[in-house]
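Structural features, examined
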Amino acid sequence: MTYLKSNQDSDCCGCTACEQICPRSCIRMSENSEGFLYPVVDSRRCIQCGLCEKVCPIENYQRVSQNDVCYYGWHRESKIREMSTSGGAFAAIAQALKKKGFIHFYGAVYDDDFSVHHVDILNFKRLDLICGSKYTQSRMDNVYSDVKRNLYKGEKVAFCGTPCQVDGLKKYIKNEDDNLFLIALVCHGVSSPKAYSKYLSELERTRGTKIKSVKFRDKRRSNALASATTIEFENQTVISTTDNEYTTAFGIGVMDRESCYHCPYSSPAGAGDITIGDFWGIEKEKPELNSEIPNGISLMIPHTIKAEELIKMLKEIMIIEKVPLTYAMNEKQPQLTKPLNRPWRRNFFLKRVLLHDCSFHREAQKAIFEWKIRERVKRCFRRIALNWIR
């Protein structure tokens, strides 16, 4: 496994496939100073079987070709669309899979302290728990081995996660299985769980009360375009703003995992059976959809025959249309073409917040201000360059 040889943080995405495949349980995921998990090997117990190398998605990544086809759409039920981050494709896929006999659905949920873990929503009873964006890296715990055990029993399993988590599971399972359906998200990167926890702790300390709920991309308070972040407290007070410092810091990438800046999955080929996300920029090719953008429009990119068959079922649940994949390959969807740019301030943002115990609020404000200045300078240079060319 490359990371175990190089010790370069960028060589590990933290999927845990190596830990869960080890026959001697000599690999454990250990949290580093930035709050990310990395594998540590007990060399005394290691038998050099090489299984950890074979399941590593980063080491074994192979980019595949992708057909020039994708879909846009939204859920026919307005309430589901309103509650969803984008157009409700996630909920629609869950409904379709349930009709096909799937009984396990693994996805990211909040714990009582708002840390994020992957769990099994058995029989789809509380699907609402895994709906919605969670802007931090989720812990996998023993999910991969649980999925394998359920498949061994002949049960149907759906799994949703970042492309590297999806590919890690795929390589852990090894063989294609018709009872497994893999959903990858269009990923903007994963931020430090430790920084996220500190941000919430600072809010609770400032407000003098515990947090009751956290919701990113809250369309109840704004719309899909404005992306409100809503935090409710136990004393009934609410913060809901489209200018949330944590969300903005996440968006500019100052607290992401190092592998995110070198992500091989920044491609429309993605991972798994299907990739879903927001269909940003669709209005350029389909201007008649302008009025639908505030309500959320989903992007769906099928990678397998299983996904194409599922999309046929989605037509009963969603307003859906097939379009060329090139419609999604635009400047508003950079995650489909290149990894996240590593900001200069990433060099010390997490160190100051986590090691030096500086205020998340103040450090985020500095990073955001600096980013805005740099973006303004870039725009000025672009205008000057265009005028010079003309």
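These notes cover the structure that comes with them. Not measured: the values here are computed from a predicted model. (Residues numbered from 1 in each chain as written. Predicted model: local features only at pLDDT ≥ 70, side-chain atom pairs only at ≥ 80, totals over all residues. Heavy atoms only, no water.)

Overview of the overall build of the chain
What the chain contains, in helices and strands, is 13 helices and 13 strands. Its C-alpha radius of gyration of 21 Å places the chain within 12% of the 21 Å reference for a compact globule of 390 residues. Counting only C-alpha atoms and orienting by the principal axes, one finds that the chain spans roughly 60 × 55 × 55 Å. Taking all 390 residues of the chain together, the buried fraction comes to 52%. A sequence separation of at least 24 residues applies to 69% of the contacts in the chain between residues at least 6 apart. (Helix = DSSP H or I, 4+ residues; strand = E, 2+ residues; numbered from the N terminus. Rg over C-alpha atoms; globule rule 2.2 N^0.38 Å. Buried < 20%, exposed > 50% of the residue type's maximum accessible area, 1.4 Å probe, protein only. Contact = heavy atoms within 4.5 Å.)

Some words on the packing of helix α6 (residues 143-152) against helix α7 (residues 163-173)
Put simply, α6 and α7 touch, their axes get as near as 10 Å, and they point 50 degrees apart. Between α6 and α7, the angle falls in the class oblique. Two packed elements cross with a definite hand, and for α6 against α7 that hand is right-handed. Contact with α6, carried on its side by Y144, S145, V147, K148 and L151, involves C164, Q165, G168, L169, Y172 and I173 of α7 and no other residues of that element. A per-class count over the contact of α6 with α7 returns 7 nonpolar, 3 polar and 1 charged. (Axes fitted to C-alpha atoms, helices over the stretch in contact; angles between N-to-C directions. Parallel < 35°, antiparallel > 145°, perpendicular 65-115°, else oblique. Left-handed = near helix turned anticlockwise from the far one by under 90°. Nonpolar A, V, L, I, M, F, W, Y, C, P; charged D, E, K, R; others polar.)

A short note on the packing of helix α5 (residues 89-99) against helix α11 (residues 305-314)
Contact geometry for α5 and α11: axes closest at 10 Å, N-to-C directions at 100 degrees. In terms of their interaxial angle, α5 and α11 are classed as roughly perpendicular. On α11, the residues touching A92, I93, A96, L97 and K99 of α5 are L310, M313 and L314. Partitioned by chemical class, the residues of the contact of α5 with α11 number 7 nonpolar, no polar and 1 charged.

Things to note about a positive patch on the surface
A cluster of basic residues, K372, R376, R379, R382 and R383, forms a positive patch on the protein surface. Within the fold, R379 resides in helix α13 (residues 360-389). (Patch = residues over 30% accessible without salt bridge, like charges linked within 9 Å, V, L, I, M, F, W, Y side chains within 5 Å. Areas by Shrake-Rupley, 256 points an atom, 1.4 Å probe, with all protein chains shown as cover. Salt bridge = Lys/Arg side-chain N within 4 Å of Asp/Glu carboxyl O. Lys, Arg positive; Asp, Glu negative; His and termini not counted. Charge placed at Lys NZ, Arg CZ, Asp CG, Glu CD.)

Some thoughts on the sheet that holds strand β13 (residues 318-323)
Here 8 strands make up an open sheet; going across it, the order is β5-β4-β6-β7-β11-β12-β3-β13 and the pairing mixed. Strands at the two margins of the open sheet, each flanked by one partner only, are β5 (116-120) and β13. Neighbour-to-neighbour, the strand axes of this sheet turn through a mean angle of 25 degrees, independent of strand direction. Summarising the sheet, strand β3 (residues 70-75) and strand β12 (residues 298-302) pair through 3 bridges and their orientation is antiparallel. In the strand pairing of β12, G73 is matched with S298. (Pairing = 2+ DSSP bridges.)

Thoughts on the pattern of salt bridges
A complete count under the given rule lists 22 salt bridges for this structure. In this structure, the salt-bridge partner of E316 is K99, at a minimum N-O distance of 3.9 Å. In this pair, E316 sits in the loop between α11 and β13 while K99 sits in helix α5, placing the two residues 217 residues apart along the sequence. Neither E316 nor K99 differs from the other in exposure class; each is exposed. Here the salt bridges share partners, and the residues they tie into one network are E34, E258, R342 and R346.

Observations regarding empty space enclosed by the protein
Inspection of the entire model under this criterion finds 3 cavities of 30 Å³ or more. Approximately 80 Å³ is the volume attributed to the largest cavity. Along the lines of polarity and charge, the residues of the lining of the largest cavity split into 4 nonpolar, 5 polar and 2 charged. (1 Å grid on protein atoms, 1.4 Å probe; cavity = no way out; pocket = protein on both sides within 12 Å on 5 of 7 lines; lining within 4 Å. Points joined across faces, edges and corners; volume = space filled by probe spheres on them.)

Let's talk about the nonpolar core
With 38 residues, the main nonpolar core has I211, V214, Y246, M255, F349 and F360 as its most contacted residues. Sorting the residues of this core by element identifies α8 (193-207), β8 (211-215), β9 (229-233), α9 (245-252), α12 (349-355) and α13 as the ones contributing at least two each. Counting residues per element, this core draws most heavily on α8, which supplies 5 residues. In contact with Y246, not counting residues within four places along its chain, are Y135, T136, S191, Y196, Y199, F216, M255 and F360. Counting residues in each nonpolar core, the second largest holds 30 residues, with A94, F105, L127 and A158 among its members. (Core = buried A, V, L, I, M, F, W, Y, C linked by side-chain atoms within 4.5 Å.)

A word on the layout of surface pockets
Approximately 640 Å³ is the volume attributed to the second largest pocket. Along the walls of the second largest pocket sit 24 residues, with M83, D128, L129, C131 and K215 positioned nearest its centre. Put simply, the parts of the chain that give the lining of the second largest pocket at least two residues each are α4 (78-83), α5, β4 (104-110), β8 and β9. Ranked by the residues each element gives to the lining of the second largest pocket, the list is headed by β8, at 4 residues.

Here's the deal with a nonpolar patch on the surface
A surface patch of nonpolar side chains, about 520 Å² in accessible area, is lined by F369, I373, V377, F381 and I384. Turning to its location among the elements, I373 is positioned in helix α13.

With respect to the sheet that holds β8
Across the sheet, 3 strands lie side by side as β8-β9-β10; this open sheet has antiparallel pairing. Both outer strands of the open sheet, β8 and β10 (238-241), are each paired with one neighbouring strand and no more. Strand-to-strand twist in this sheet, taken as the mean axis angle between neighbours without regard to direction, amounts to 10 degrees. Taken together, the 4 bridges between β9 and β10 define a ladder with antiparallel strand orientation. Paired with E232 across the strands is V238, a residue of β10.

Fair warning: the whole summary comes from geometry, so function is off the table for now.
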